[in-house]
Amino acid sequence: MTAPVEAEVSLQSSLLSPALQQQLELPPEMANSPSLSDVPYIISTFDALPPQLKSYLLLHLLRRCPFSTLQFISSLILPTLKRDFIGLLPVELSYQILQYLDLRSLGRCTVVSKAWKRVVDGEGAEFAVWKKRLVEEQWFDEEEIRKEIESAWAVKESHKATQELGLDPLRVGSGSSHAAAPPSPPLGYAGGDGANVNGEDEESGSRSRSRGRMSKRNLVGVDSSSTLNNDAQLASGHRSHEAPPHLHKHLFRRHHMIRQNWMRGRYKHVSFPGHTFNVVTCLQFDAEKIVSGSDDQTIHIYDTLNGALLKRLEGHEGGVWALQYLNYTLVSGSTDRTVRVWDIDTGRCTHLFEGHTSTVRCLMIVNPKKSDEYPGRMEPSMPLIVTGSRDATLRVWRLPDPKRDQPYLPPGGGSSPPSPDAANNNPFFMHVLNGHTSSVRAIAGSGNVLVSGSYDTTVRVWDLTSGDAVHVFRGHREKVYSVGYCHELRRAVSGSMDSTVRVWCTRTGQALFNLEGHTSLVGLLELSPQYLVSAAADATLRIWSPTTGQCLATLTGHAAAITCFHHDGKLNRIVSGSDGGVKVWELSSAGYGSNSHHPSATGPAFTQGPYGREPVYGRFIRDLVGQVQGVWRVRMDERRLVCAVQREGNRTWFEVLDFGEGVEDGVRIEGVGDGGGVDQGESHVVGARGGSEDLEGEEDEDEEEDEHDEQEEEDEHDDGVGSGETSNEDEVE
């Protein structure tokens, strides 16, 4: 026995207790069998074998081992085979791997080790992972990023100024109720110079930044896209402003949490009354204000956050049936045959346009867009107002600027119809679009293209610059109630009382599809590059493909005619209103960018098609507003849903559901709305008067309408609001 082997045998014997040694002693009949003392020889012999023979020997040994022994061997081998691929691979390859992980896996990666956390939170991951996800989800907004950069710079300068004055930034403004506190840092802003939001030491942070700078230069397939350029250039005029740390990651978190709140029914609810017992005919809102028009002849402007009545615009002598605002300029049309332009900031009517001889039924503001045929040209050359009327004409005006242009208020204030020459002498007047032979019910357009639908059963396409009719589409058998237009597809759509939806090519003038399926008046249409959504008095909505004409889904669940709906392809949502409440639907189970589907929607996410799995369209998500008699109007953006509803007693109320409340501060709203009504979320109800609103005054005004206005209102109610009220016309017809 060699000295090393003897030493190993002696060491093994010393590690064994006497009792265990006694158990391991072989009986006399097995004296010639291998013993513990032979183990060193076996090991030395195994070490001397060539690699191939070692594998062969191990194979036979493992085959002869019991299951418990194999488990023990596996517990020793598996940790040995693990490799830190994120830490060992070049950082560019690590970023490519991270692109394929879901959000939960990315979160888990940050707690594996400090090295993994530096990669996931590194500067390079901002562009390779988080910014790319923003683009995939269609959440990348240059204006939003610009505001974040400028806001971060303003906060930084504010903190620096308070520090130079020797003040504590957290205590500034606490001494006086009128003193303005410094703005809170935007999401993702660390504050201070060189602050590290992850709590890393300075050395590790510098390593992460250096790797990130290297990765931005070498990322494969990321910087080639124009939408993935350096965001520091977005702050034009402020190129010294640096983007806050983790900007794209926190923007993605913000959008993701808002979407999660929509899917799970988490929101803050504000409810307030408005317009007493009258119908809300038109609605538009943003983060600061809600603007509504009603058949009570007034326009109300409410605070989006708390529902307080900010302004009440009076001047129309008939019901307001159409409005739209752009920045601080508001345009409204009424049954008094006039179009008014208002300064939202002051609440003053600055311009009054006459010329229509009957109710102004629809209007829109058309913004200039880059011309497809003439590079470098904007069409139209200036913002325009287009109005459609029951007098069978459309009129085009230049959009005034209430703050810069001279007011235009002709004598008489619209109380009597002006002569055609006097109306056309308006310095803002451009065209009269003649051609329809009956009431113009709906208009849509973009750039230089305008589409109009009329009770004369035709759809017309107009050139706004010249005022000429480009195409006349014929095919509907009954009145046309709704139209839509998509500039990207160069297609127009129309819905009619004949229960059909038709798709037209605005470039060639051809009729492309006649979509059948609805069984009643199709009074509402919306068209986007991916989807055509129609709603009818048969209580259903339908999702169509505007390129193939295929019906992708039929949305059933409402008990009465659909009175209003709104869809957004980027948000992948539809909200619809009918008697009883508001529902929210998913456009497509494959419409979530980097996520294949969302589990909160009901039903399977995919079906098996002839060419593999196919997405499901129109899955129901939940009821959002309930216990109401009717829904007048519904609008949504990414964060909020605003509804005008009729409650018990025929009073009109506004319901505001804020799905972004607390997202900036990381606060989760309690009280998940699992469907059924607005009381599911956190609620706040404004007093019965809605701030300074005078309900009795509105009731008095309703009694003072003159005979002409009453007749106009009766005619308009025959037309109805949306497809729900237009079902009344079935009886009239």
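The coordinates are above.
### Quick look at the overall build of the protein
Alright, step 1. Each helix and strand counted, the protein has 17 helices and 37 strands in total.
Alright, step 2. The 733 residues of the protein split such that 48% are buried.
Alright, step 3. Taking as baseline every contact in the protein between residues at least 6 positions apart, the subset at least 24 positions apart corresponds to 58%.
Alright, step 4. When the accessible surface of the protein is summed, it comes to about 34900 Å², and 51% of that surface belongs to carbon and sulfur atoms.

### Here's the deal with a nonpolar patch on the surface
Alright, step 1. Taken together, the side chains of F72, L76, I77, L78 and L81 define a hydrophobic patch exposed on the protein surface, amounting to about 520 Å² of accessible area.
Alright, step 2. Relative to the helices and strands, I77 is located in helix α5 (residues 67-81).

### Quick look at the packing of aromatic side chains
Each aromatic ring pair is described using two quantities: the centre-to-centre distance and the angle formed by the ring planes.
Alright, step 1. For the coordinates displayed, the defined rule picks out 13 aromatic pairs.
Alright, step 2. Between the aromatic rings of W130 and F252, the centroid separation amounts to 5.7 Å while the plane-to-plane angle is 55 degrees, which identifies the pairing as tilted. Of this pair, W130 sits in helix α10 (residues 123-136) while F252 sits in helix α13 (residues 247-264), placing them 122 residues apart in sequence. Pair check on accessibility: W130 and F252 agree, each one buried.
Alright, step 3. Here Y455 and Y481 contribute two aromatic rings whose centre-to-centre distance is 5.2 Å and whose plane-to-plane angle is 45 degrees, an arrangement assigned as tilted. In this pair, Y455 sits in the loop between β17 (449-454) and β18 (459-463) while Y481 sits in strand β20 (residues 480-486), placing the two residues 26 residues apart along the sequence.
Alright, step 4. An aromatic cluster is built from W130, W139 and F252, whose rings are joined through pairwise contacts.
Alright, step 5. Above the face of the Y455 ring, K479 is positioned so that its terminal group lies 4.6 Å from the ring centre.
Alright, step 6. Across from the ring centre of W653, 4.3 Å away, lies the NZ or CZ of R647, which sits over that ring.

### Topic: the state of the cysteines
Alright, step 1. Tallied over the full model, the rule gives 0 disulfides.
Alright, step 2. Free cysteine C564: the closest other cysteine sulfur is in C643, separated by 7.4 Å.
Alright, step 3. Judged by its relative accessible area of 4%, C564 is buried.

### Here we look at the packing of helix α11 (residues 142-164) against α13
Alright, step 1. Axis separation between α11 and α13 bottoms out at 12 Å; the angle between their running directions is 120 degrees. Classified by the angle their axes make, α11 and α13 are oblique. In terms of crossing hand, the pair formed by α11 and α13 is right-handed. For the pair α11 and α13, contact is made by E144, I145, E148 and I149 and by L247, H248, L251, R254 and H255, respectively.
Alright, step 2. Here the contact of α11 with α13 is built from residues that sort into 4 nonpolar, 2 polar and 3 charged.

### Overview of the pattern of salt bridges
Alright, step 1. The final tally for this structure, using the stated rule, is 20 salt bridges.
Alright, step 2. In this structure, R377 and E379 form a salt bridge, with 3.8 Å as the shortest nitrogen-oxygen distance.
Alright, step 3. Put simply, R640 and D658 hold a salt bridge, and the shortest N to O gap is 3.7 Å. Of this pair, R640 sits in strand β35 (residues 640-646) while D658 sits in strand β36 (residues 652-658), and the two are 18 residues apart along the sequence.

### Overview of the environment of S334
Alright, step 1. Inspection of the secondary structure assignment puts S334 in strand β7 (residues 329-334).
Alright, step 2. On the basis of relative accessibility, which here comes to 0%, the residue S334 falls in the buried class.
Alright, step 3. The spatial distance from the C-alpha of S334 to the C-alpha of R361 is 7.3 Å, given a sequence separation of 27 residues.
Alright, step 4. Those residues in contact with S334, other than ones at most four positions away along the chain, are H316, G318, G319, V320, W321, T359 and V360.
Alright, step 5. Engagement of the side chain of S334 in a polar contact is seen with the backbone oxygen of G319, the distance being 2.9 Å.

### Some details on the environment of D372
Alright, step 1. Considering the arrangement of structural elements, one finds D372 in the loop between β11 (369-370) and β12 (378-379).
Alright, step 2. For D372 and G447, which are 75 residues apart along the polypeptide, the C-alpha to C-alpha distance reads 9.9 Å.
Alright, step 3. Residue contacts for D372: discarding those within four places in its chain leaves H487 and R490.

### Side note on the packing of α10 against α13
Alright, step 1. Packing of α10 against α13 leaves a shortest axis separation of 8 Å and a crossing angle of 30 degrees. Between α10 and α13, the angle falls in the class roughly parallel. Relative to α13, the crossing made by α10 is left-handed. For the pair α10 and α13, the contacting residues are E126, F127, W130, K131, R133 and L134 in the first and L247, H248, K249, L251, F252 and H255 in the second.
Alright, step 2. Grouping the amino acids of the contact of α10 with α13 by side-chain chemistry returns 6 nonpolar, 2 polar and 4 charged.

### A closer look at the sheet that holds strand β26 (residues 541-544)
Alright, step 1. An order of β24-β25-β26-β27 is seen for the 4 strands of this open sheet, with the pairing classed as antiparallel. Looking at the sheet topology across the chains shown, the edges are occupied by β24 (522-527) and β27 (551-555). Going across the sheet, the axis of each strand differs from the next one's by a mean of 15 degrees, ignoring polarity.

### Quick notes on unusual backbone geometry
Alright, step 1. Across the junction of E379 and P380, the peptide omega takes the value -10 degrees, indicating a cis bond.
Alright, step 2. The backbone of Q297 sits at a positive phi, close to 75 degrees, despite the residue not being glycine.
Alright, step 3. Here Q297 shows up in the loop between β3 (289-294) and β4 (299-303).
Alright, step 4. The class of Q297 is buried, set by a relative accessible area of 17%.

### Let's talk about the pairing of β17
Alright, step 1. With 5 of its 6 residues buried, β17 lies for the most part within the structure.
Alright, step 2. Bridging between strand β16 (residues 440-446) and β17 involves 6 bridges; their strand directions are antiparallel. Residue pairing across strands places V440 opposite S454, the latter belonging to β17.
Alright, step 3. Where β16 folds back onto β17 in an antiparallel hairpin, the turn is made up of 2 residues, including G447, whose phi is positive at roughly 65 degrees.
Alright, step 4. With antiparallel pairing between neighbouring strands as the criterion, β17 and β18 make up a hairpin whose turn holds 4 residues, including T457 at a positive phi of roughly 75 degrees.

Cut-offs applied
Residues numbered from 1 in each chain as written. Predicted model: local features only at pLDDT ≥ 70, side-chain atom pairs only at ≥ 80, totals over all residues. Heavy atoms only, no water. Helix = DSSP H or I, 4+ residues; strand = E, 2+ residues; numbered from the N terminus. Buried < 20%, exposed > 50% of the residue type's maximum accessible area, 1.4 Å probe, protein only. Contact = heavy atoms within 4.5 Å. Areas by Shrake-Rupley, 256 points an atom, 1.4 Å probe, with all protein chains shown as cover. Patch = residues over 30% accessible without salt bridge, like charges linked within 9 Å, V, L, I, M, F, W, Y side chains within 5 Å. Salt bridge = Lys/Arg side-chain N within 4 Å of Asp/Glu carboxyl O. Phe/Tyr/Trp six-rings, centres within 6.5 Å; stacked < 30°, edge-to-face > 60°. Lys NZ or Arg CZ within 6 Å of the ring centre and 35° of its normal. Disulfide = S-S within 2.5 Å. Axes fitted to C-alpha atoms, helices over the stretch in contact; angles between N-to-C directions. Parallel < 35°, antiparallel > 145°, perpendicular 65-115°, else oblique. Left-handed = near helix turned anticlockwise from the far one by under 90°. Nonpolar A, V, L, I, M, F, W, Y, C, P; charged D, E, K, R; others polar. Polar contact = N/O pair within 3.5 Å; in protein donor to acceptor, adjacent residues only side chain to side chain. Pairing = 2+ DSSP bridges.

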